[in-house]
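# Structural description and commentary
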Amino acid sequence: MSTKKLDKKAEKLLESYRKKKLKLVTAESCTGGLIAALLTDIPGSSDVLERGFVTYSNQSKTDMLDVPSALIKKHGAVSKEVAEAMARGALKYSKADIAIAVTGIAGPTGGTKQKPVGLVYIATASRHYKDVVVVRNLFKGKRSAVRIKSADKSLAILKKLQAFF
């Protein structure tokens, strides 16, 4: 995926969210702020991006997003449960309408048989709906490819989500 394609997707996403007066918050772990960076590369992105959290360590997930440490201990940082908690926490500590949270294993190390390199959970939450939707992904490629594919999938999910508003 080229950065030009990602830039275009981000630009179109911002336009559609801006028209609907929707605010967005990101909570990123394995993407390390890549989603927020893609959005903030576009002038006027502050109309839509309310804030972004980079919560790479387990402690930062707990400190900044109220992800319970017991939840991380029980399920691991790369889990559906933690992704959901990250999305809820991002909404709690922002004024955004919609949150997207990403946690995964970008590699090249850190994977296991149960949780291989490339496993990424993407969660979305909204102030308008009670449920949090979590999508499990298994991306192939090196570390940078996993991160870029995670950001691309996140933008695609956000695009689909805005149709409900």
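Higher on the page you've got the structure.
Note that the structure is predicted; figures quoted are calculated from it, not measured.

Procedures and definitions
Residues numbered from 1 in each chain as written. Predicted model: local features only at pLDDT ≥ 70, side-chain atom pairs only at ≥ 80, totals over all residues. Heavy atoms only, no water. Helix = DSSP H or I, 4+ residues; strand = E, 2+ residues; numbered from the N terminus. Contact = heavy atoms within 4.5 Å. Pairing = 2+ DSSP bridges. Axes fitted to C-alpha atoms, helices over the stretch in contact; angles between N-to-C directions. Phe/Tyr/Trp six-rings, centres within 6.5 Å; stacked < 30°, edge-to-face > 60°. Buried < 20%, exposed > 50% of the residue type's maximum accessible area, 1.4 Å probe, protein only. Salt bridge = Lys/Arg side-chain N within 4 Å of Asp/Glu carboxyl O.

## Examining the environment of G107
- Turning to its location among the elements, G107 is positioned in the loop between β3 (98–104) and β4 (119–126).
- Sequence separation between G107 and R147 is 40 residues, and the spatial gap between their C-alpha atoms is 9.6 Å.
- If we ignore the near neighbours within four places in the chain, the residues touching G107 are V117 and R143.

## Brief notes about the pairing of strand β2 (residues 49–54)
- Here strand β1 (residues 24–28) runs beside β2; their pairing, made up of five bridges, is parallel. Residue E28 lies in a different strand from β2, and its bridge partner there is V54.

## Regarding the sheet that holds β2
- Strands sit in the order β2-β1-β3-β4-β5 across an open sheet of five strands; the sheet is mixed. The sheet is open, and its two borders are formed by β2 and β5 (129–138), each paired with just one other strand. Across the sheet, the mean angle from the axis of one strand to that of its neighbour is 15°, orientation sign disregarded.
- By the bridge criterion, seven bridges tie β4 to β5 in an arrangement that is antiparallel. Bridge pairing in β5 places V120 opposite N137.

## Focus on the packing of aromatic side chains
- Under the criterion given, the structure shown has one aromatic pair.
- Centre to centre, the rings of Y129 and F165 are 5.7 Å apart; their planes meet at 75°, and the pair counts as edge-to-face. Here F165 lies in the segment after α6 (143–162) and Y129 lies in strand β5, a separation of 36 residues in the sequence.
- For Y129, a relative accessible area of 42% puts it in the partly exposed group.

## Comments concerning the pattern of salt bridges
- Per the counting criterion, the structure on display carries five salt bridges.
- The closest approach of N and O atoms between E50 and R51, which form a salt bridge, is 2.6 Å.
- Judged by its relative accessible area of 34%, R51 falls in the partly exposed class.
- Two residues, R88 and E84, come together in a salt bridge whose shortest N-O distance is 3.1 Å. Note that R88 and E84 are positioned in helix α5 (residues 80–92) at a spacing of four residues, about one turn of the helix.
- Exposure remark for R88: the relative accessible area of 41% places this residue in the partly exposed category.
- Judged by its relative accessible area of 24%, E84 falls in the partly exposed class.

## Considering the environment of L119
- If you trace the backbone, L119 turns up in strand β4.
- Sequence spacing of L119 and R136 is 17 residues, and the spatial spacing of their C-alpha atoms is 7.3 Å.
- With sequence-adjacent residues up to four places away left out, L119 is seen in contact with V78, T103, G104, I105, R136, N137 and L138.

Distances and angles like these do not, on their own, reveal function.
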